[in-house]
Amino acid sequence: MEPTAAGTLVDRRSMVSLISRLRSSKGQANPYPIYAELRAMGDVVPAPWNGYLLLSHDLCDQVLRSRAWATFDAEWRARQGDASRWTAPAAIQLSKTLQGLNPPVHTRQRRSLGNVFDRNTLTNLQPFVERTVEKLLDRLSEHMRSAGEADFATLVGEELPVATISHWLNLPPADHALLRDLTHGQAYAQELLPSASQLAQANTAAQGLRDYFTALVAERRRSLGDDPLSRWIRTWDELEPDREEADETLYHLVMFIVIASLETTSTLLSNMVRLLDQHPRQRAWLLDHPEATPNAVEEVLRYDPPIHLTTRVATEDTVLSGVHIARDEVVHVMIAAANHDPAQFADPDTFDIGRTASHLGFGGGIHYCLGAALARVEAIALLQGLNRRFPTLRVTTPPLWEPRMAFRRLTALYVAER
Ligand code: HEM
């Protein structure tokens, strides 16, 4: 039995059923009642497999921002012995990306990228994003006309992020499908408890990503241009005298930016359609007030963020909300639960596009999402396009979800004009 922050005793094994419910299709469709049950046990609750779940906004924010907590980097993973969850090739690959690095290596790599999505870059990308939105909505319209309904998640949600990031990095459209597939596979390595077959898929994807992005760096090196990757290559040639080392870093950097940008943004785009469909009065108001679109996007990110949790480890023995946590122990920062914390948000389970309070959907601290501004540009352009062109759009069948807890993914979201 383990004490929780609320002082109750919780048997780690009894948590297994709660976690299983989170992975069930009902839990996927609406995990929030389960998060509320967890929060009722305390702000810090033992996870079934060691470590703890953090449920309150305050604690999640504090851990994300504090230097006393680190991401589980390669050294931490090596200390865990050879448990396949931590030492699988896909997990090792992630530990060498920005998200898996700690200062000073993280600081050096993140700085080397520069201010990637500054105002100028976003202004230059805007016309491409708007043109792509129009093309994708033409396609959606054709499918709805010919079949009566169309899968928004596949036809639009999955397409806009890959088209945008590929345009920015100068990657050929012929590679879009491969990049999407590899990203879907790699995402399993970021799950709490991946099954053996999910881990195997993640490992295969990790190899595919390595092959693709090492070849990309080598090819770009041969014909440097004015694109971001060419600029990073020039930067790393100055920072790192060992060419092999520089290319290894460049492959991890560019690969992670691509995979971090795809599934997350796709889920946000489909979630916008789903949540506004469930709140027709707010959608009707938004049709008359397009200037409120950025606010609506923020509320979607708060209400159901694409990433529901991330993980940190203690760099020293510590106490969180009265619970002793030993060095190297894991805490899961439950972003989505924090976004529904009644201590932070009034009436947190109400979807309300009029809110202004900030959320943890893009994380916090030194690992704060690098692409938040780009994700917002895509989401706003798409929502404005959808509302202008399809004011009577409705979701026709309940969406289908991939059975995951960390990285949410809608695999189908059928819509029609009614
Ligand atoms: C709605 C879309 C997105 C969401 C919800 C999202 C969410 C997040 C979150 C929560 C983190 C922090 C993870 C942690 O602390 O462990 C993160 C980090 C990151 N995101 Fe995003 N992201 C989105 C889109 C993007 C896009 C479009 C890009 C790139 C173009 C991107 C690139 C990154 C990178 C590189 C990091 C790691 C930063 C670091 O560790 O220093 N993300 N994102």
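No experiment lies behind these values; they were computed from the predicted model shown. (Residues numbered from 1 in each chain as written. Predicted model: local features only at pLDDT ≥ 70, side-chain atom pairs only at ≥ 80, totals over all residues. Heavy atoms only, no water.)

So, the pairing of strand 10 (residues 330–333)
Neither face of strand 10 is exposed, since V330 and H332 on one face and V331 and V333 on the opposite face are all buried. In the sheet, strand 4 (residues 52–54) pairs with strand 10 via 3 bridges, with the strands oriented parallel. Its bridge partner being in strand 10, L53 is matched across the sheet by H332. As judged from the 4 bridges shared by strand 7 (residues 310–314) and strand 10, these two strands associate in the antiparallel manner. Across the sheet, residue T311 finds its bridge partner in strand 10, namely H332. (Buried < 20%, exposed > 50% of the residue type's maximum accessible area, 1.4 Å probe, protein only. Helix = DSSP H or I, 4+ residues; strand = E, 2+ residues; numbered from the N terminus. Pairing = 2+ DSSP bridges.)

What to know about the site of the ligand
Taken together, 28 residues sit near the ligand, with H106, T310, R312, H367 and C369 positioned nearest. L98 is positioned with one of its backbone polar atoms (N or O) 3.4 Å from an oxygen atom of the ligand. Note that an oxygen atom of the ligand is positioned 2.7 Å from one of the side-chain N or O atoms of R312. Broken down by secondary-structure element, the contributors of at least two residues to the shell around the ligand are helix 8 (105–112), helix 15 (243–278), strand 7 and helix 19 (372–389). The element best represented in the shell around the ligand is helix 15, accounting for 7 residues. (Near = heavy atom within 4 Å. Polar contact = N/O pair within 3.5 Å; in protein donor to acceptor, adjacent residues only side chain to side chain.)

Quick word on the side chain of H367
Within the secondary structure layout, H367 lies in the loop between helix 18 (335–338) and helix 19. Polar contacts involving the side chain of H367 include one to the main-chain carbonyl oxygen of L101, which spans 3.4 Å. Here H106 takes part through its side chain, which lies 3.4 Å from a polar atom of the side chain of H367.

Re the coordination of the iron atom of the ligand
By definition of the ideal shapes, four donors in a tetrahedron about a metal sit 109.5 degrees apart, and six donors in an octahedron sit 90 or 180 degrees apart. Donation to the iron atom of the ligand from the protein comes from one atom only, C369 (SG), at 2.3 Å. Assignment of secondary structure puts C369 in the loop between helix 18 and helix 19. (Donors = N, O, S within 2.8 Å, 3.2 Å for Na, K, Ca; no water.)

Section: the packing of helix 12 (residues 176–187) against helix 13 (residues 196–222)
Running from N to C, helix 12 and helix 13 cross one another at 140°; their axes reach a closest spacing of 7 Å. As judged from the angle between their axes, helix 12 and helix 13 are oblique. In the crossing of helix 12 with helix 13, the sense of the turn from one axis to the other is left-handed. Across the interface between the two elements, L178, L179, L182, G185 and Q186 from helix 12 touch Q201, A202, A205, A206, G208, L209, Y212 and F213 from helix 13. (Axes fitted to C-alpha atoms, helices over the stretch in contact; angles between N-to-C directions. Parallel < 35°, antiparallel > 145°, perpendicular 65-115°, else oblique. Left-handed = near helix turned anticlockwise from the far one by under 90°. Contact = heavy atoms within 4.5 Å.)

Quick notes on the sheet that holds strand 14 (residues 414–417)
Within the open sheet, the 3 strands sit side by side as 6-14-11. Their pairing is antiparallel. Every interior strand has two partners, whereas the edge strands, strand 6 (150–151) and strand 11 (393–395), have only one. Where strand 11 lies against strand 14, 3 bridges are found, and the strand directions are antiparallel. Looking at the pairing, L393 lines up with E417 of strand 14. Across the sheet, helix 9 (residues 119–147) touches strand 6, strand 11 and strand 14, and the angle it forms with strand 14 is around 80°.

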